[in-house]
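# Observations on the model geometry
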Amino acid sequence: MLNKILYDTVVVSVAGGALSLDRTAAFQTMVSRPIVAAPVIGYLLGYPLIGLLCGAALELLFIGDLPVGTYIPVHETGMAVLVTAITVETYKLSWLNLYEVRGGGVMGAAFLLPAAVAVGIPVSRLYQSADRLTRGFNAKFLHEAQQALSQGGDVNLTAENLKGAACFFVTMSVALFITVLPFLLVVSFAAPHLRYMPRPFFPAFAALTAVGAASAYHAVETEKSLVIFLASCVIGASLYFVVS
Amino acid sequence: MISRLSLIKVFAASFFMQSCWNYEKMQALGFAAAISPAIDEIYKDSDGEKKAALNRHMDFYNAHPYMAAPILGASIRLEEKHRSGEASADASVRFKSSVMAPYSAIGDGFFWSSIRPLASCAGILAAFFWGMWGPVIFLLAYNVFHLWMRWVGLKKGALMGEEVVTFVKSLQMPKWGQRARYAACALIGIGVVAAAWGAASYVRYGFAHGHVPRWALVFAASLAPVTLGLNELIKRGLSIPKLLYLAVLPLILYGMLKY
């Protein structure tokens, strides 16, 4: 079992490091966002739907955290990796995976999600620190390139630039490895004792959803938001009653 | 204008403009690396001028990564003009310095504050109804705008030079960003109803199997007003992590006691 945990940790750390490049260093096509990254991690661990659940919840929570200027937002990619790994491994090692009826599998994972998010938030500060460390270190490549140019030598600017991306990858992968592994080890000991559907955690999941909805609303709030929001609630509810 | 091949190389390199982001000159090295295929072509006969051009593009630079495309294109055009004697050596650098702040504000307001939340809401709603299509719809909804700006912005900049500001102005991005936020708000409203509908299904399931999930009933009935109430707390300065802990931690403890 320990070998499996170690293997899973290495896989999600490398994948998470690669996905987090999209945040800053490369592409910015938003594959680093939780709604994409978490299902990828879930797929690598064997449960893409649980990853999707984790990703959707985290996406909602951090929809409005913006990389403006020098501000480094909450590392949502790191959180997506950590939260998904904890949730999936707990689900796999507990008795919840026996509840494979009426979507019971994903429901069981939903009840685990609030605790995973609660531990993920303080840990994500480490990922922000890793990001800051890399940005500080990257000045070295800038100086090397400038020195080479000013001395009239040939310099491959693309290669110097990509070294920065390599640094982002390495620091993030290491940060993920050292944070995910202890949690998965704890889960490997605690999860087998989870023998019943944890329905008492539904209120926590409901609160998580409500906070996510509020965060999303706040992110797009304008002077007409209230009217549009209430109108769409009424239209949505009417459609529900008509369809059902 | 530079050759199509060089333009494509610049386009590809622009995706790595933030690879070496640092606190000293921010995206300077990335910008210089991105413009280097064009500089290689423009100054192919003069190694000294090529190095001088690359050196001046290693100055401090920080802008929204997608709005960098018209800046990049215009800088290429200005370097061509300098080569032919129509512009001074520092014309491109002055142009970059003058537009990077306002373009960053436009890009942040349009892409980060409007399009990304809209795509996220669409993706989350799609995930609720159609599972794995959620991430696909999110990526499609977002990258249509993203990739269009990168390619068209670069081409227009390379054609128009400094006049690319009229092109960017014509896009009316603040206005369309506002509309995107309205659309996102509508999707959030529909999402709240969908979540309440999901909870109501759970209530029916519970009743059918002999237990009453009271919490699910409360959730289904109150999600919309609770969303608005929590939003008021966020507006008063409560951060999302703190709100999460205030709302969720006591209920996790409740769950642990009842389990």
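An account of the accompanying structure is given in this report. These figures come from a predicted structure and were not determined experimentally. (Residues numbered from 1 in each chain as written. Chains lettered and ligands numbered in written order. Predicted model: local features only at pLDDT ≥ 70, side-chain atom pairs only at ≥ 80, totals over all residues. Heavy atoms only, no water.)

### Let's talk about helix H1 (residues 2–20) of chain A
All names here are of chain A.
- The first and last C-alpha atoms of H1 sit 26 Å apart over 19 residues, in line with the 27 Å expected at 1.5 Å per residue.
- For H1, every residue scored as buried is listed here: Ile 5, Asp 8, Thr 9, Val 12, Ser 13, Ala 15, Gly 16, Gly 17, Leu 19 and Ser 20.
- Looking at the packing, one finds that the buried side of H1 touches helix H2 (34–44), helix H4 (76–93) and helix H7 (157–190). (Helix = DSSP H or I, 4+ residues; strand = E, 2+ residues; numbered from the N terminus. Expected span 1.5 Å × (residues − 1). Buried < 20%, exposed > 50% of the residue type's maximum accessible area, 1.4 Å probe, protein only. Contact = heavy atoms within 4.5 Å.)

### What to know about a nonpolar patch on the surface
Residues and elements named next belong to chain B.
- A contiguous nonpolar patch, built from Phe 128, Phe 129, Trp 130, Trp 133, Val 136, Leu 140 and Trp 197 and spanning about 760 Å² of accessible area, is present on the exposed surface.
- Contributing elements (two or more residues each) for the nonpolar patch: helix H5 (91–130) and helix H6 (133–160).
- In this fold, Trp 197 is placed in helix H8 (residues 173–208).
- Here Trp 197 falls in the partly exposed class, since its relative accessible area comes to 32%. (Patch = residues over 30% accessible without salt bridge, like charges linked within 9 Å, V, L, I, M, F, W, Y side chains within 5 Å. Areas by Shrake-Rupley, 256 points an atom, 1.4 Å probe, with all protein chains shown as cover. Salt bridge = Lys/Arg side-chain N within 4 Å of Asp/Glu carboxyl O.)

### So, the packing of helix H1 (residues 4–14) of chain B against helix H2 (residues 28–42) of chain B
Residues and elements named next belong to chain B.
- Axis separation between H1 and H2 bottoms out at 7 Å; the angle between their running directions is 165 degrees. Between H1 and H2, the angle falls in the class roughly antiparallel. Here H1 runs over H2; the crossing is right-handed. Contact residues: Ser 6, Lys 9, Val 10, Ala 13 and Ser 14 in H1; Ala 33, Ala 34, Pro 37, Ala 38 and Glu 41 in H2.
- Each residue belonging to the contact of H1 with H2 can be placed in one class, and the counts come to 6 nonpolar, 2 polar and 2 charged. (Axes fitted to C-alpha atoms, helices over the stretch in contact; angles between N-to-C directions. Parallel < 35°, antiparallel > 145°, perpendicular 65-115°, else oblique. Left-handed = near helix turned anticlockwise from the far one by under 90°. Nonpolar A, V, L, I, M, F, W, Y, C, P; charged D, E, K, R; others polar.)

### Looking at the state of the cysteines
- What the rule picks out here adds up to 0 disulfides over all chains.
- Unpaired in this structure, Cys 54 of chain A has its nearest cysteine sulfur neighbour in Cys 121 of chain B, at a distance of 19 Å.
- As a non-bridged cysteine, Cys 20 of chain B has Cys 167 of chain A as the owner of its nearest cysteine sulfur, 7.6 Å distant.
- With a relative accessible area of 1%, Cys 20 of chain B lands in the buried category. (Disulfide = S-S within 2.5 Å.)

### Some details on the environment of Val 74 of chain A
All names here are of chain A.
- Among the structural elements, Val 74 can be located in the loop between helix H3 (48–61) and H4.
- Distance in space between the C-alpha atoms of Val 74 and Lys 4 is 29 Å, their sequence separation being 70 residues.
- Residues within four places of Val 74 in sequence aside, it is in contact with Arg 23, Phe 62, Asp 65, Met 79, Ser 124 and Gln 128.

### Details of the interface of chain B and chain A
- Contact with chain B, which involves 87 residues of that partner, is made by 99 residues of chain A.
- Between chain B and chain A lies a buried interface of about 8100 Å² when both sides are counted; carbon and sulfur atoms form 74% of it.
- It is Tyr 23, Arg 116 and Tyr 259 of chain B in chain B that bury the most area against chain A; as a group they hold 9% of the surface buried on that side.
- Glu 221 of chain A is paired through a salt bridge with Lys 235 of chain B; the nearest N and O atoms lie 3.2 Å apart.
- Applying the counting criterion to the chain B and chain A interface returns 20 residue pairs in polar contact (both at pLDDT 80 or more).
- Of all the elements in the fold, those that place two or more residues in the side of chain B that touches chain A are H2, helix H3 (47–56), H5, H6, H8, helix H9 (214–235) and helix H10 (240–258) of chain B.
- Residues belonging to the side of chain B that touches chain A are distributed by class as follows: 58 nonpolar, 19 polar and 10 charged. (Buried area = accessible area lost by both parts, 1.4 Å probe. Polar contact = N/O pair within 3.5 Å; in protein donor to acceptor, adjacent residues only side chain to side chain.)

### Quick look at the packing of H1 of chain A against H7 of chain A
Residue and element names in this part refer to chain A.
- Following both chains from N to C, one finds H1 and H7 inclined at 145 degrees, their axes separated by 8 Å at the closest point. The element H1 and its partner H7 pack so that their crossing is right-handed. Residue-level contacts link Leu 2, Ile 5, Leu 6, Thr 9, Val 10, Val 12, Ser 13, Val 14, Gly 16, Gly 17, Ala 18 and Ser 20 of H1 to Phe 169, Met 172, Ser 173, Leu 176, Phe 177, Val 180, Leu 181, Leu 184, Leu 185 and Ser 188 of H7.
- For the contact of H1 with H7, the per-class residue count stands at 15 nonpolar, 7 polar and no charged.

### A look at the packing of aromatic side chains
- For the structure shown, the criterion picks out 18 aromatic pairs over all chains.
- Taking 6.1 Å as the distance between ring centres and 45 degrees as the angle between the ring planes, the aromatic pair formed by Phe 27 of chain A and Phe 15 of chain B counts as tilted. Residue Phe 27 of chain A is located in the loop between H1 and H2, and its partner Phe 15 of chain B is located in the loop between H1 and H2; the two belong to separate chains.
- Phe 27 of chain A sits in the partly exposed class, given a relative accessible area of 40%.
- Residue Phe 15 of chain B is classed as buried on the basis of its relative accessible area of 9%.
- Centroid distance Phe 137 of chain A to Phe 141 of chain A: 5.7 Å. Interplanar angle 80 degrees. Geometry classified as edge-to-face.
- The exposure class assigned to Phe 137 of chain A is partly exposed, which follows from its relative accessible area of 41%.
- Its relative accessible area of 7% is what places Phe 141 of chain A among the buried residues.
- One aromatic cluster in this structure is built from Tyr 66, Phe 110, Phe 111, Trp 112, Tyr 142 and Phe 145 of chain B.
- Stacked on the ring of Trp 176 of chain B, the Lys or Arg Arg 179 of chain B has its end atom at 4.8 Å from the ring centre. (Phe/Tyr/Trp six-rings, centres within 6.5 Å; stacked < 30°, edge-to-face > 60°. Lys NZ or Arg CZ within 6 Å of the ring centre and 35° of its normal.)

Keep in mind these values describe shape, not function.
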